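# Secondary and tertiary structure notes
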Amino acid sequence: SAVISQKPSRDICQRGTSLTIQCQVDSQVTMMFWYRQQPGQSLTLIATANQGSEATYESGFVIDKFPISRPNLTFSTLTVSNMSPEDSSIYLCSAPVAGWNEQFFGPGTRLTVL
Amino acid sequence: AQSVTQLDSHVSVSEGTPVLLRCNYSSSYSPSLFWYVQHPNKGLQLLLKYTSAATLVKGINGFEAEFKKSETSFHLTKPSAHMSDAAEYFCVVSDPSGTYKYIFGTGTRLKVLA
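In this report, the structure presented in the accompanying data block is examined. Counting from 1, residues in each chain are numbered in the order their sequence is written. Starting at A for chains and at 1 for ligands, labels are handed out in the order in which the entities are written. A pLDDT threshold of at least 70 governs which residues receive local features in this predicted model, and a stricter bar of 80 or more applies before side-chain atom pairs are shown or counted, although totals over entire chains, interfaces and linings include all residues. Excluded from the side-chain calculations are hydrogens and water; all other atoms, namely the structure's heavy atoms, are used.

Each regular strand shows side chains that alternate between the opposite faces of the sheet. All names here are of chain B. Counting buried positions over the seven residues of strand β5 (residues 32–38) gives seven, a clear majority of the element. To sort residues, take the accessible area from a 1.4 Å probe on protein chains only and compare it with the maximum for the residue type: under 20% means buried, over 50% means exposed, and anything in between is partly exposed. The secondary structure listing takes helices from DSSP runs of H or I that are at least 4 residues long and strands from runs of E that are at least 2 residues long, numbered from the N terminus. Burial along β5 is two-sided: the face carrying S32, F34, Y36 and Q38 and the face carrying L33, W35 and V37 are both buried. Strand pairing requires that DSSP identify at least two bridges connecting the strands. As judged from the six bridges shared by β5 and strand β6 (residues 44–50), these two strands associate in the antiparallel manner. Bridging from a neighbouring strand, L33 pairs with Y50 of β6. Here β5 folds back onto β6, and the loop between the two strands holds five residues, one of which, N41, carries a positive phi near 60°.

Now the structure itself:
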């Protein structure tokens, strides 16, 4: 299996600022995913982050708003830029691990934008 | 294109009675299917997964699900509900073509009455 950690676990931010969320996996993984879970909603995939290439964004999400870095096979960051209250959500990262036919999820980062 | 539909947004059962959470999927391929649970203010936990082996899948905490290709269903059941089962449940379909992308259902909130 895999253990995935995220930092910060929660934050309260002011409108117009940016927050970078870190995701660390305890083993090397090819793909990492970032999801958004808006209040009372399901999870929506933001983007797929592969090491050594630019992230692939899903419809409705753009790099300027959610820039992603993937510097190595165990780490990724998601930045939520120029935040507005509508960005208040839980952001989760996940990764499929070789040999396991499933994704493992981090605990999430609960973001509140005032 | 793949999709998953959770037929009930809310389900209420009495403690000790059976639980049935319904999920239908649409997939061009032979899918991988999952059920995750999310307790309030907690992370996602995998209950069980179907990956083209046995059609009746047993998971943790007494839950099980049956893959029925003819009905394109993957309903989650438990013989006897416990108060601790109260949570949000997500049915997920995964792209088996190698991208490992998950598509989440909209979720079913299970309420267990004393």
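Residue and element names in this part refer to chain A. Judged by pairing direction, the sheet is antiparallel, and its four strands sit side by side in the order β1-β3-β8-β7 without closing on themselves. A single partner strand is all that each edge strand has here, and the edge strands are β1 (4–7) and β7 (68–72). Within the sheet, the average angular offset between the axes of one strand and its neighbour, ignoring direction, is 20°. With six bridges joining them, strand β3 (residues 19–25) and strand β8 (residues 75–80) adopt antiparallel strand pairing. Counted as the bridge partner of L19 is V80 from β8. For every element, the axis is a line fit to its C-alpha atoms; helices are fit only across the contacting stretch, and the angle between N-to-C directions ranges from 0 to 180 degrees.

In this section: the side chain of S94 of chain B. Residue and element names in this part refer to chain B. Mapped onto the fold, S94 is located in strand β10 (residues 87–94). By relative accessible area, which is 4% here, S94 ends up buried. Here a residue-residue contact requires only that any non-hydrogen atoms of the pair lie within 4.5 Å. Residue contacts for S94: discarding those within four places in its chain leaves Q2, P31, S32, F34, Y100, K101 and Y102.

A word on the pattern of salt bridges. When a carboxyl oxygen of Asp or Glu is within 4 Å of a side-chain nitrogen of Lys or Arg, the pair counts as a salt bridge. Following the criterion strictly, the structure yields seven salt bridges over all chains and no others. Close ionic contact of E102 of chain A with K49 of chain B constitutes a salt bridge, the shortest N to O distance being 2.8 Å. Residue E102 of chain A is located in the loop between β9 (89–96) and β10 (103–105), and its partner K49 of chain B is located in strand β6; the two belong to separate chains. Notably, a salt bridge pairs R22 of chain B with D8 of chain B, separated by 3.0 Å at the nearest N-O pair. In this pair, R22 of chain B is assigned in the loop between β3 (19–21) and β4 (23–26) and D8 of chain B in the loop between β1 (3–6) and β2 (10–14), connecting sequence segments 14 residues apart. Overall, D8 of chain B belongs to the buried group, its relative accessible area being 19%.

A separate point is the interface of chain A and chain B. Each partner contributes residues to the interface: chain A has 19 residues there, and chain B has 19 residues. The buried area of a pairing is the accessible area, by a 1.4 Å probe, that goes missing from both parts when the two are put together, added over both. Taken together, both faces of the contact between chain A and chain B bury some 1500 Å²; the carbon and sulfur share is 54%. For the pair chain A and chain B, the interface holds two salt bridges. Residues adjacent in sequence count toward polar contacts only when both atoms are side-chain atoms; beyond that, a polar contact is any pair of N or O atoms within 3.5 Å, and within protein one must be able to donate a hydrogen and the other to accept it. For the interface between chain A and chain B, the tally reads seven residue pairs in polar contact (both at pLDDT 80 or more). Where the side of chain A that touches chain B is concerned, the elements lending two or more residues are β4 (31–37), β5 (43–50), β9 and β10 of chain A. The biggest single contributor to the side of chain A that touches chain B is β4 of chain A, with four residues. Following the grouping adopted for this structure description, the nonpolar residues are Ala, Val, Leu, Ile, Met, Phe, Trp, Tyr, Cys and Pro, the charged ones are Asp, Glu, Lys and Arg, and the polar ones are all others, Gly among them. By residue class, the composition of the side of chain A that touches chain B is ten nonpolar, six polar and three charged.

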